[in-house]
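# Close look at the chain arrangement
So you can see what is in the structure, the chains are spelled out below.
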Amino acid sequence: MVKQASLLSQLEAIVGADGVRRSDELSAFAVDGLTPQAAVAPSSYEQVAEVLRYAHTEGLAVIPHGGGTHMHIGNVPGRYDIGLSLLRLDQVVEHEPADLTVTCQAGITLDRLQRHLGQHGQLVPLGPAWGEEATIGGILAANASGPSRHAHGAPRDFTIGMKVVTADGRITKAGGRVVKNVAGYDLCKLYIGSLGTLGVIVEASFKLAPTAKVERTAVATFETPGQACAFAADLQRRGLTLRAVQLLNATAASAVELAQQGLCALVLDLAGTPQAVERSRREIGDLAQDAAADLRDEENAAKAWESRMRLGSTEEAYLLCKATALPTHLSALIESLETVDGPPHILALPAVGVLYASWPRLEDAEAAVGRLRTAVTAVDGSLVLERCPLDIKPRLDIFGDPPPSFDLMRRVKEQFDPKGVLSPGRQVGRL
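Residues numbered from 1 in each chain as written. Predicted model: local features only at pLDDT ≥ 70, side-chain atom pairs only at ≥ 80, totals over all residues. Heavy atoms only, no water.

## As for the overall build of the chain
The helix and strand tally for the chain stands at 14 helices and 18 strands. In terms of overall dimensions, the chain is globule-like: its C-alpha atoms have a radius of gyration of 22 Å, near the 22 Å expected for 431 residues. Taken across its 431 residues, the chain has 54% of its residues classed as buried. Across the chain, contacts joining residues at least 24 apart in sequence account for 70% of those joining residues at least 6 apart. (Helix = DSSP H or I, 4+ residues; strand = E, 2+ residues; numbered from the N terminus. Rg over C-alpha atoms; globule rule 2.2 N^0.38 Å. Buried < 20%, exposed > 50% of the residue type's maximum accessible area, 1.4 Å probe, protein only. Contact = heavy atoms within 4.5 Å.)

This is the structure we're talking about:
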């Protein structure tokens, strides 16, 4: 083990005195109760590479950091020596409005990038909560997406290129800065969702979407999640201009004042040209009348969007899980989860088959996790515990039992990071 004084001296030689964080700042880099010996904030890709080369030589564990909004996701680290902040890498590298592409550094926040693109009537279709703090690199590492996944897909669908620093300090490229990339393996899809265990993302390129000329939000209320899911499926078949479709169970809908007590809410965000939005809203109204559903327009759409987003990533949750299942099984899964020491707040994307469930308190969290996994397994789904109490987290694999592909995943980790330098223990099976 390298002594802290020697470690700080070596890191200062790499990133300069202004790039080494003070001892009283280290608590901001804590992960699951573990605090590193040191933390650095490189100002160039070369400095990131040099830090990793040093860590690789000395056998030190490094965990990358962005805005910290997704650091709760992942297993407890096996060890942790250096926190690596990317917040000084926060520039737009290249933006080609005519080609609908942008390249940016990993430390730029989502909101800042969107403001830059918005000047040209464009956006990158990433949509997780806390965009004022969440960085592009952190969003990709956590594979975080928001409700607009309904229209644009997940980050893997529109990320076209990356620069990544490997565990032994090599600056590598995957993909490119143009949409048509066909050379070599698509390593972008491998890095996205890897939680910083395979490499440190320092730059990313995206396909862009035009901003909508008109946005409108409608809310339909139903007595059961099954009715809401059936209505959402009907909408999905009609090809309407929907940016997002979100289902809130009765507890969540009541919390954000979208429905009366005991009713769940289906929130429909429309976006597009004035004519397309008007036609879609009219058709939704007709369908709601046929389904005997109460439908109204939401006047304060921006506030409603943010409050719904934060239901799916709340910091106050005692237990927060993300479950996936076939859309046809989603209503059954919601009804099962509502019986687990509930009722929880549930925010679901019925057309995608993803839901977030959070509990503000539980008498026996570990037993509840067992019941959650049983409920998800019954519908052939998957479950990730995004937040759980620290006293039980070391005893759990937050991803559940390793999948059949785990041996392949282990071999990939060994090839990319044989010394276990990057975020050791954070991934599936504690890779």
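## Description of the sheet that holds strand β2 (residues 62-65)
In spatial order, the strands read β1-β3-β2; together these three strands make up an open sheet with parallel pairing. Each end of this open sheet is capped by a strand with a single partner; those strands are β1 (38-40) and β2. Across this sheet, the average inter-strand angle for adjacent strands is 20°, counted without regard to direction. Relative to β1, helix α1 (residues 4-15) is tilted by about 0°, and along the sheet it contacts β1 and β3 (82-85). On top of the sheet, helix α2 (residues 45-58) reaches β1, β2 and β3; it is set at about 165° to β3, its chief contact. (Pairing = 2+ DSSP bridges. Axes fitted to C-alpha atoms, helices over the stretch in contact; angles between N-to-C directions.)

## Section: the packing of helix α8 (residues 225-236) against helix α12 (residues 330-337)
Where α8 contacts α12, the axes come no closer than 9 Å and their chain directions differ by 155°. With respect to each other, α8 and α12 are oriented roughly antiparallel. Of the two possible hands of crossing, α8 and α12 adopt the one that is right-handed. Packed against α8, whose contacting residues are P225, G226 and C229, the element α12 presents L330, S331, I334 and E335 at the interface. Of the residues that constitute the contact of α8 with α12, the class distribution is four nonpolar, two polar and one charged. (Parallel < 35°, antiparallel > 145°, perpendicular 65-115°, else oblique. Left-handed = near helix turned anticlockwise from the far one by under 90°. Nonpolar A, V, L, I, M, F, W, Y, C, P; charged D, E, K, R; others polar.)

## Some thoughts on the pairing of strand β18 (residues 382-387)
Summarising burial for β18: five of the six residues are buried, a large majority. Sheet topology note: the strand β15 (residues 319-324)/β18 ladder contains five bridges and is antiparallel. Within β18, the position partnered with L320 by the bridge is R387.

## Digging into helix α10 (residues 274-290)
Here α10 contains 17 residues, and its C-alpha end-to-end distance of 25 Å stays within 8% of the 24 Å for a straight helix at 1.5 Å per residue. Buried within α10 are the following residues: A276, V277, S280, R281, I284, L287 and A288. Buried residues of α10, seen end-on, are gathered within an arc of 130° and therefore sit on one face of the element. Away from its buried face, by an angle of more than 90 degrees, α10 presents the exposed residues Q275, Q289 and D290. Packed against the buried residues of α10 are β11 (214-222), α8, β12 (242-248), β13 (264-272) and β14 (294-297). Downstream of α10 by a residue or two, A292 has a phi angle that is positive, lying close to 60°. (Expected span 1.5 Å × (residues − 1). Arc of directions from axis to C-beta.)

## A short note on the domain arrangement of the chain
Partitioning the chain into domains gives domain 1 (92-210) and domain 2 (213-397). Measuring from the centre of the C-alpha atoms in domain 1 to the corresponding centre in domain 2 gives 26 Å. (Domains from an automatic or database assignment.)

## Brief notes about the side chain of H72
Inspection of the secondary structure assignment puts H72 in the loop between β2 and β3. Engagement of the side chain of H72 in a polar contact is seen with the backbone oxygen of T69, the distance being 3.4 Å. Among all residues touching H72, those that are not within four sequence positions of it are E386, R387 and K393. (Polar contact = N/O pair within 3.5 Å; in protein donor to acceptor, adjacent residues only side chain to side chain.)

## Let's talk about the environment of S205
Among the secondary structure elements, S205 is positioned in strand β9 (residues 200-207). Relative accessible area serves as the criterion here: at 4%, S205 is assigned to the buried category. For the pair S205 and T159, spaced 46 residues apart in sequence, the C-alpha separation works out to 6.0 Å. S205 has contacts with V102, T103, F158, T159, I160, G161, G176 and R177, leaving out every residue within four places of it along the chain. Within the structure, S205 has its side chain in polar contact with the side chain of T103 (distance 2.7 Å).

## Observations concerning α2
The terminal C-alpha atoms of α2 lie 20 Å apart, and with 14 residues this matches the ideal 20 Å at 1.5 Å per residue to within 8%. Along α2, the positions that sit buried rather than exposed are Y45, Q47, V48, A49, V51, L52, Y54, A55 and H56. Just beyond α2, the residue with positive phi is G59, at close to 70°.

## Digging into the sheet that holds β12
One open sheet holds the eight strands; their spatial order is β14-β11-β13-β12-β16-β17-β15-β18, and the pairing between them is antiparallel. Edge positions in the sheet fall to β14 and β18, since each of these pairs with one other strand and no more. The sheet shows a mean angle of 20° between the axes of neighbouring strands, direction not considered. Sheet topology places β12 next to strand β16 (residues 345-349); two bridges connect them, and they run antiparallel. For L248, the partnering residue across the bridge sits in β16 and is L347.

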